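# Coordinates in review
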Amino acid sequence: MKRKKLLLSVLAGVVGALAVAAPAAAHVTVNPSTAEPGGYARVAFRVPTESDTASTTKLVVYLPTDHPVASVSVQPVPGWKAVLHKAKLAKPLTTEGGNVTEAVDRITWTAQSGAAIEPGQFQEFPVSLGPLPKSGTMTFKALQTYSDGKVVRWIQTGSSDSELENPAPVLTLAASGAPGAPAATPTKAAAAGKSDGPSSGTALTVGVIGLVAGLAGLALGGVAFTRSRRAEDTH
C-alpha cells in the first residue's frame, strides 16, 4: 500500500512539473502595449506561429477607424513585403502640416520565398505611427494566414483578454508613470530602436523553475520509494 502511494505521489509530481513548464498559448500582440498619448510611437506586432505543421505566410493588421492616424510608416522586415492601404476619412485630421483627408486603415505583410514564420518561431513587424489619440486605447484587429490556408482572426475584444480565445492586440495610451504605463527606464536596446526579448521569456523562466522543482520532487520520491522497499525487504 505504501509503495502504491509513493508511486502515485511521484507520478503526480512529474505531471505537475510538466504542466507548469508547458508554455501558454501565444497570441498576436502589440509591443510595447502602452504609449504616450498624443505623441508618436514605435510599436511592433509580434506574431508567433502556433501551428505544429504550418508556417505563417501573411499578416493583415487593421488600424482603428475611430482613431485614424495621420502618419504611418513601416520598418522593412527581411523577406516580407509590406503594403499600406489608405482610406478616405469622413472627417479630415488637422495637423501641423495641414489637413489630412486620408489615412492608412490596414497594413498587409506577405512572406516572400523562404521567409515564412515556421512552427516554434515568431516575427516582429515594426511600425511608427502618430500623432496618437490623447487618451483611451487603440485596438488593432489582425488576420494571420498559415501555409495550409488556415486564417486565424485576432479580432475579439472585451474587458479581460485572458477570457478571449483570439483577442485583438490593444495599445493603451497612458502617460509615463500613470496607471497602466511602464515605469522602468528604457533599456539600451529600446533606446537604439530595438525590441527587447519576447514577453514569453518570463513564462519560460517560470516553467523551467517549475520543471526543476518537479524533477527534484521526482528524485526525492524515488529515494523515499527505494528506502521503503528496502525497509519492507528487511522485514
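This structure is a prediction, so every number in the text was calculated from the model and none was measured.

Criteria and thresholds
- Residues numbered from 1 in each chain as written.
- Predicted model: local features only at pLDDT ≥ 70, side-chain atom pairs only at ≥ 80, totals over all residues.
- Heavy atoms only, no water.
- Helix = DSSP H or I, 4+ residues; strand = E, 2+ residues; numbered from the N terminus.
- Buried < 20%, exposed > 50% of the residue type's maximum accessible area, 1.4 Å probe, protein only.
- Contact = heavy atoms within 4.5 Å.
- Areas by Shrake-Rupley, 256 points an atom, 1.4 Å probe, with all protein chains shown as cover.
- Salt bridge = Lys/Arg side-chain N within 4 Å of Asp/Glu carboxyl O.
- Core = buried A, V, L, I, M, F, W, Y, C linked by side-chain atoms within 4.5 Å.
- Pairing = 2+ DSSP bridges.
- Axes fitted to C-alpha atoms, helices over the stretch in contact; angles between N-to-C directions.
- pLDDT = per-residue confidence, 0-100.
- Polar contact = N/O pair within 3.5 Å; in protein donor to acceptor, adjacent residues only side chain to side chain.

This brings us to the overall build of the protein chain. A count of helices and strands for the protein chain gives three helices and 12 strands. Across the 235 residues that make up the protein chain, the buried fraction comes to 31%. A sequence separation of at least 24 residues applies to 71% of the contacts in the protein chain between residues at least 6 apart. For the protein chain, the exposed area adds up to about 14400 Å²; of that, 58% sits on carbon and sulfur atoms.

Per the stated rule, a full pass over the model turns up one salt bridge. Taking the shortest distance from any N to any O, the salt bridge between Glu124 and Arg46 comes out at 2.5 Å. Note that Glu124 is positioned in strand β8 (residues 122-130) and Arg46 in strand β3 (residues 41-48), a separation of 78 residues in sequence.

Attention now goes to the nonpolar core. In this structure, Trp109 and Leu129 are the most contacted members of the largest nonpolar core, which totals 33 residues. When residues of this core are traced back to their parent elements, those giving at least two are β3, β4 (56-62), β7 (98-111), β8, β10 (141-146), β11 (151-154) and β12 (170-173).

The next thing to look at is the sheet that holds β12. Sheet architecture is open: three strands sit in the order β2-β12-β9, paired in mixed fashion. Because the sheet does not close on itself, it has two edges, and the strands there are β2 (34-35) and β9 (137-139).

Moving on to the pairing of β10. Here is the key point about a regular strand: its side chains alternate between the two faces of the sheet. Most of β10 sits out of view: five of its six residues are buried. Pairing of β10 with β11 involves four bridges; the strand directions are antiparallel. Residue pairing across strands places Gln144 opposite Val152, the latter belonging to β11. In sequence, β10 turns back onto β11 through a hairpin of four residues, with Gly149 there showing a positive phi of about 95°.

What follows covers the sheet that holds strand β5 (residues 71-74). The pairing of strands in a sheet comes from backbone hydrogen bonds and takes either a parallel or an antiparallel form. Sheet architecture is open: four strands sit in the order β1-β3-β8-β5, paired in antiparallel fashion. What marks the edges here is a single partner per strand, and that holds for β1 (29-31) and β5. Going across the sheet, the axis of each strand differs from the next one's by a mean of 30°, ignoring polarity. Alignment of β1 against β3, held across three bridges, turns out to be antiparallel. From the neighbouring strand, Asn31 faces β3, where its bridge partner is Ala44.

Another aspect to go through is the confidence of the model for the protein chain. Averaged over every residue, the pLDDT of the protein chain is 76; the share at 70 or more is 63%. A low-confidence stretch, residues 180-206 stays under pLDDT 50, and its non-local contacts, those more than four residues away or across chains, total 20 contacts.

On to the side chain of Glu124, then. When its relative accessible area of 15% is taken as the criterion, Glu124 is described as buried. Only 2.5 Å separates the side chain of Glu124 from the side chain of Arg46, close enough to count as a polar contact.

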